[in-house]
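# Fold and contact review
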Amino acid sequence: MKTRHLLPASLAVLFALAPRVGSAQYDSTAKTTVTTTVSSQTVVNTTTSPTDSSIAVALIAANQNEVTQAEAAINTTESDRVKEFARRLQRDHAKAVADLQAFLQKSHGGMSSGMAGDSAKPVPPSSDTPSYQGKTGKDFDKAWIETIEDQHKAAIADLRDNVIPRIQDPALKALAEGLLPVMGNHLREAESIEAELK
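Below: a short report on this structure.

The rules behind each value
- Residues numbered from 1 in each chain as written.
- Predicted model: local features only at pLDDT ≥ 70, side-chain atom pairs only at ≥ 80, totals over all residues.
- Heavy atoms only, no water.
- Helix = DSSP H or I, 4+ residues; strand = E, 2+ residues; numbered from the N terminus.
- Buried < 20%, exposed > 50% of the residue type's maximum accessible area, 1.4 Å probe, protein only.
- Contact = heavy atoms within 4.5 Å.
- Areas by Shrake-Rupley, 256 points an atom, 1.4 Å probe, with all protein chains shown as cover.
- Expected span 1.5 Å × (residues − 1).
- Polar contact = N/O pair within 3.5 Å; in protein donor to acceptor, adjacent residues only side chain to side chain.
- Core = buried A, V, L, I, M, F, W, Y, C linked by side-chain atoms within 4.5 Å.
- Salt bridge = Lys/Arg side-chain N within 4 Å of Asp/Glu carboxyl O.
- Phe/Tyr/Trp six-rings, centres within 6.5 Å; stacked < 30°, edge-to-face > 60°.
- Axes fitted to C-alpha atoms, helices over the stretch in contact; angles between N-to-C directions.
- Parallel < 35°, antiparallel > 145°, perpendicular 65-115°, else oblique.
- Left-handed = near helix turned anticlockwise from the far one by under 90°.
- Nonpolar A, V, L, I, M, F, W, Y, C, P; charged D, E, K, R; others polar.

### Describing the overall build of the protein chain
Counting its secondary structure elements, the protein chain contains 5 helices and 2 strands. Ordering the α and β elements of the protein chain from the N terminus gives α-β-β-α-α-α-α. The burial tally for the protein chain puts 45% of its 198 residues in the buried class. Within the protein chain, contacts between residues separated by at least 24 positions form 76% of all contacts whose residues are at least 6 apart in sequence. Total accessible area computed for the protein chain in this model is approximately 10,200 Å², and 53% of it derives from carbon and sulfur atoms.

Here you go:
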């Protein structure tokens, strides 16, 4: 029986912050003008939905978390197959981070939006310890693969059902939709590896 592993910086938890940013101060469909002061000059950048900005930041943090988890496997596993898969995860999620950061930079003209987390730094992990931490060998591989599998199932459903429908910017929507097949491939490979490890 599989246990449910909590993603330290899950997309659902990160995205839960978006409605507060988008609705507490603004109407969820409103646009806000991003204003930044630089050397006594005020620069007004393009308009961006506060919800879209917070979604992009949440997606960056979630993808950075995946990169971190992939690095844990690369540095710990003795399995060539798990290491190869972890490198693919690392590469694919690092690309997603770069693409999302480029979106934020373009949508804000390279300036900070002033929103919490806009610097695209990862959200600190929760106090939940990953189930694979401290394990070695096949025990590590099994726990890590199960964690990745559970996280990808949850993230795919959340992205498809909750996140993408709320995105207003077509460029961000295309980036988010592009994550679905990549994550689906990751999930299928994790399931295949998990079956081999039994």
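After that view of the structure, there is still more to cover.
### Things to note about helix α5 (residues 170-197)
For α5, built from 28 residues, the straight-helix expectation of 40 Å at 1.5 Å per residue is met to within 8% by its first-to-last C-alpha distance of 41 Å. Within α5, burial applies to Leu172, Ala176, Leu179, Met183, Gly184, His186, Leu187, Glu189, Ala190, Ile193, Glu194 and Leu197. Where α5 begins, the side chain of Asp169 points an oxygen toward the backbone nitrogen of Ala171, at a separation of 2.8 Å.

### Focus: the environment of Leu159
Considering the arrangement of structural elements, one finds Leu159 in helix α4 (residues 137-163). The buried category is assigned to Leu159, whose relative accessible area is 0%. Considered as a pair, Leu159 and Leu180 are 21 residues apart in the sequence and their alpha carbons are 7.7 Å apart.

### Quick word on the environment of Asp141
Structurally, the position occupied by Asp141 is in helix α4. The exposure class of Asp141 is buried, given its relative accessible area of 4%. The sequence separation of Asp141 and Thr76 amounts to 65 residues, and the corresponding C-alpha distance is 8.8 Å. Residue contacts for Asp141: discarding those within four places in its chain leaves Thr77, Ser79, Val82 and Leu197. Within the structure, Asp141 has its side chain in polar contact with the side chain of Thr77 (distance 2.6 Å).

### Considerations on the nonpolar core
Nonpolar side chains tend to gather and get buried jointly when the protein is soluble and globular. Ranked by internal contacts, the top residues of the largest apolar core, which has 21 residues, are Leu59, Leu159 and Leu172. Residue assignment for this core shows that the elements contributing at least two residues are α2 (50-76), α3 (80-107), α4 and α5.

### Remarks on the pattern of salt bridges
When the charged atoms of two side chains with opposite charge come close together, those side chains can pair. By the definition in use, this model includes 6 salt bridges. The partner of Arg88 in a salt bridge is Glu189, and the shortest N-O contact between them spans 2.4 Å. Of the two residues, Arg88 is situated in helix α3 and Glu189 in helix α5; the sequence distance between them amounts to 101 residues. On the accessibility criterion, Arg88 (23% relative accessible area) is partly exposed. A salt bridge links Arg160 to Asp161; the nearest nitrogen and oxygen atoms lie 3.0 Å apart.

### Notes on the packing of aromatic side chains
Summed over the entire model, instances satisfying the criterion amount to 2 aromatic pairs. Measuring from ring centre to ring centre gives 5.9 Å for Phe85 and Trp144, while their planes differ by 75°; the resulting arrangement is edge-to-face. Taken together, the residues span a long stretch of sequence, with Phe85 in helix α3 and Trp144 in helix α4 at a distance of 59 residues. Judged by relative accessible area, which is 0%, Phe85 ranks as buried. Centre to centre, the rings of Tyr132 and Phe140 are 5.5 Å apart; their planes meet at 80°, and the pair counts as edge-to-face. On the accessibility criterion, Phe140 (2% relative accessible area) is buried.

### Considerations on the packing of α4 against α5
Two numbers describe how α4 lies on α5: the axes approach to 9 Å, and their chain directions differ by 150°. Taken together, the axes of α4 and α5 are roughly antiparallel relative to one another. Remark: the crossing between α4 and α5 carries left-handed chirality. Here Asp141, Lys142, Ile145, Glu146, Ile148, Glu149, His152, Lys153, Ala155, Ile156, Leu159 and Arg160 of α4 come into contact with α5, specifically with Ala176, Leu179, Leu180, Met183, Gly184, His186, Leu187, Ala190, Glu191, Ile193, Glu194 and Leu197. The class makeup of the residues in the contact of α4 with α5 is 13 nonpolar, 3 polar and 8 charged.

Keep in mind these numbers describe shape, not what the thing actually does.
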